[in-house]
Amino acid sequence: FLSRAMQTPLIVLFCLIFFLGISSGKKAECKAVAPDGTEYDLSGLREHLLECEDSGGEYKYIIDACSASAPCHNYAECGYCQEGIRWNNLFCVGTVYTFVGKAGGAGVTVKLSQGADDRSGEIDITCDPSAPLMSNVQCISPSSKDGYRFSFSSAQACPGAGAGGLSGGSVFLILLFVGIAVYILGGVAYNRFAKGESGIELLPNLEFWRDFPSLVQDGVNFVVSKVKGSG
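Criteria and thresholds
- Residues numbered from 1 in each chain as written.
- Predicted model: local features only at pLDDT ≥ 70, side-chain atom pairs only at ≥ 80, totals over all residues.
- Heavy atoms only, no water.
- Helix = DSSP H or I, 4+ residues; strand = E, 2+ residues; numbered from the N terminus.
- Buried < 20%, exposed > 50% of the residue type's maximum accessible area, 1.4 Å probe, protein only.
- Contact = heavy atoms within 4.5 Å.
- Polar contact = N/O pair within 3.5 Å; in protein donor to acceptor, adjacent residues only side chain to side chain.
- pLDDT = per-residue confidence, 0-100.
- Disulfide = S-S within 2.5 Å.
- Pairing = 2+ DSSP bridges.
- Axes fitted to C-alpha atoms, helices over the stretch in contact; angles between N-to-C directions.
- Phe/Tyr/Trp six-rings, centres within 6.5 Å; stacked < 30°, edge-to-face > 60°.
- Lys NZ or Arg CZ within 6 Å of the ring centre and 35° of its normal.

Caption draft 1: Local environment of the overall build of the protein. Of the regular secondary structure elements, the protein holds four helices and ten strands. Across the protein, helices and strands are ordered from the amino to the carboxyl terminus as α-β-β-β-β-β-β-β-β-β-β-α-α-α. Evaluated residue by residue, the protein yields a buried proportion of 34% over its 231 residues. Restricting the contact set of the protein to residue pairs at least 6 apart, pairs at least 24 apart contribute 49%.

Encoded structure:
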């Protein structure tokens, strides 16, 4: 069995992996409901980047209509990035998403706000069942910081569309809990039939779980000591 000194870093690693899995499963849902009740699911556009250069050739825009994965200099999360071609600079137009469905199955307007220097913009996505993932791309460079406009057509903006399936974070959590169930049931069966244990002694690695609260505390102290040591 692992010594206490080895258990502490493993507990820290397990907790980090667990919370990373939860956070990756909590990506914003790219869904909208129109005033007439029409429902949209843009999750099929998640992390698909689209570029467009304005008519004057001065600016290029990179958007992610569903998740903030557009590369934009020092911005960890950005859904709409403006690149000055001549000046070689980058500004994030928006990081916070608001999805607004259009009535009659016409599509979705994605509003992005809280960009650099109060920038904001809209991505207008028209429903076109025959269109590929993204087509008919247009972008407008505004005269004010709140006039950014980007538009395209997509079958993913039609009612009934959507990526389907599970996100990577959801798959991770399912596998994690299945693994925990196998560990507990397998351990109980082994302790019962191979070792003849009964009652609470059926639990696998019982001493470890009795020590678990103090191990977590050790893990917290371990992380704090490392942070203070590197500060």
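Moving on from the coordinates now.
Caption draft 2: Region of interest: the environment of D54. Mapped onto the fold, D54 is located in the loop between β3 (49-53) and β4 (59-64). Each C-alpha atom of the pair D54 and C139 lies 5.8 Å from the other, and the pair is 85 residues apart in sequence. Excluding residues that lie within four positions of it along the chain, D54 makes contacts with Y59, Y61, C139 and S141. Looking at D54, its side chain comes within polar contact range of the side chain of S141, at 2.6 Å.

Caption draft 3: Main features of the confidence of the model for the protein. Per-residue confidence for the protein averages 83 on the pLDDT scale, and 83% of its residues sit at or above 70. Taken together, the stretch residues 21-26 has pLDDT below 50 and engages in nine contacts with residues farther than four places along the chain or on a different chain.

Caption draft 4: Focus on the state of the cysteines. Counted by the stated rule, this structure contains five disulfides. What pairs with C78 in a disulfide is C92, and their sulfur atoms sit 2.2 Å apart. Looking along the S-S bond of the C78-C92 disulfide, the torsion reads about 110°, which is the right-handed sense. In this pair, C78 sits in the loop between β4 and β5 (80-84) while C92 sits in strand β6 (residues 89-101), placing the two residues 14 residues apart along the sequence. Like C92, C78 is buried. Each sulfur of the disulfide joining C127 and C158 lies 2.0 Å from the other.

Caption draft 5: Looking closely at the sheet that holds strand β7 (residues 107-114). The sheet built from eight strands is open, its strands ordered β3-β4-β5-β6-β7-β8-β10-β9 with mixed pairing. The strands lining the two open edges of the sheet, one partner per strand, are β3 and β9 (135-140). Strand after strand, the sheet turns through a mean of 20° between neighbouring axes, direction not considered. Taken together, the seven bridges between β6 and β7 define a ladder with antiparallel strand orientation. By the bridge assignment for β7, G94 is matched with Q114.

Caption draft 6: Molecular detail of unusual backbone geometry. Positive phi, close to 55°, is recorded for H73, a residue that is not glycine. Of note, H73 is situated in the loop between β4 and β5. Look at H73 and you get exposed, because its relative accessible area is 59%. In this structure, N88 is a non-glycine residue whose phi angle is positive, near 55°. Looking at where N88 falls in the secondary structure, it is placed in the loop between β5 and β6. Residue classification places N88 among the exposed positions, given a relative accessible area of 66%.

Caption draft 7: Just the pairing of β5, in detail. Most of β5 sits out of view: five of its five residues are buried. For β5 and β6, the ladder comprises five bridges, and the chain directions are antiparallel. When the bridges of β6 are listed, Y80 appears paired with G94. Where β5 folds back on β6, the antiparallel hairpin that results is connected by four residues, among which N88 adopts a positive phi of roughly 55°.

Caption draft 8: Just the packing of aromatic side chains, in detail. If you walk through the whole model with that rule in mind, you get seven aromatic pairs. For the ring pair Y61 and Y80, a centre distance of 6.0 Å and an interplane angle of 90° mean the geometry is edge-to-face. Residue Y61 is located in strand β4, and its partner Y80 is located in strand β5; the two are separated by 19 residues in the primary sequence. Y80 matches Y61 in its accessibility class, with the two residues each being buried. By the ring-pair criterion, three or more aromatic residues cluster together here, those being Y59, Y61, Y80, W87, Y148 and F150. In this structure, R192 is placed above the aromatic ring of F193, and the distance from its NZ or CZ to the ring centre is 5.7 Å.

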